[in-house]
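In case you want the letters, here they are:
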Amino acid sequence: MFRRPLLLLVLLLIGALIAALLAVGAFPPGVSQQPVERVLPNERFGTR
């Protein structure tokens with residue numbers, strides 16, 4: 001097979017990375033929607 005086990009290890013890691021990216025691309029995780037909460041400064045509620 002391969003005479004250099006380091007090269008085999010690098011190729012396996014690259015293959016696993018590509019497979020993981022394709023899996024995430026094919027089945028993306030769900031997005032949880034959250035309401036936007038804005039903080040208003042206290043000066044907006046003061047007297048003029």
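Because the structure is predicted, anything quoted here is derived from the model rather than measured. (Residues numbered from 1 in each chain as written. Predicted model: local features only at pLDDT ≥ 70, side-chain atom pairs only at ≥ 80, totals over all residues. Heavy atoms only, no water.)

(A) Layout of the overall build of the protein. Across its full length, the protein carries one helix and zero strands. A burial count over the protein gives 0% of its 48 residues as buried. Here the protein displays about 5400 Å² of accessible surface, and carbon together with sulfur accounts for 65% of that area. (Helix = DSSP H or I, 4+ residues; strand = E, 2+ residues; numbered from the N terminus. Buried < 20%, exposed > 50% of the residue type's maximum accessible area, 1.4 Å probe, protein only. Areas by Shrake-Rupley, 256 points an atom, 1.4 Å probe, with all protein chains shown as cover.)

(B) Spatial organisation of a nonpolar patch on the surface. A cluster of nonpolar side chains, Leu-6, Leu-9, Val-10, Leu-13, Ile-14, Ile-18 and Leu-22, forms an exposed patch at the surface whose accessible area comes to about 690 Å². Turning to its location among the elements, Leu-9 is positioned in helix H1 (residues 5-26). Residue classification places Leu-9 among the partly exposed positions, given a relative accessible area of 46%. (Patch = residues over 30% accessible without salt bridge, like charges linked within 9 Å, V, L, I, M, F, W, Y side chains within 5 Å. Salt bridge = Lys/Arg side-chain N within 4 Å of Asp/Glu carboxyl O.)

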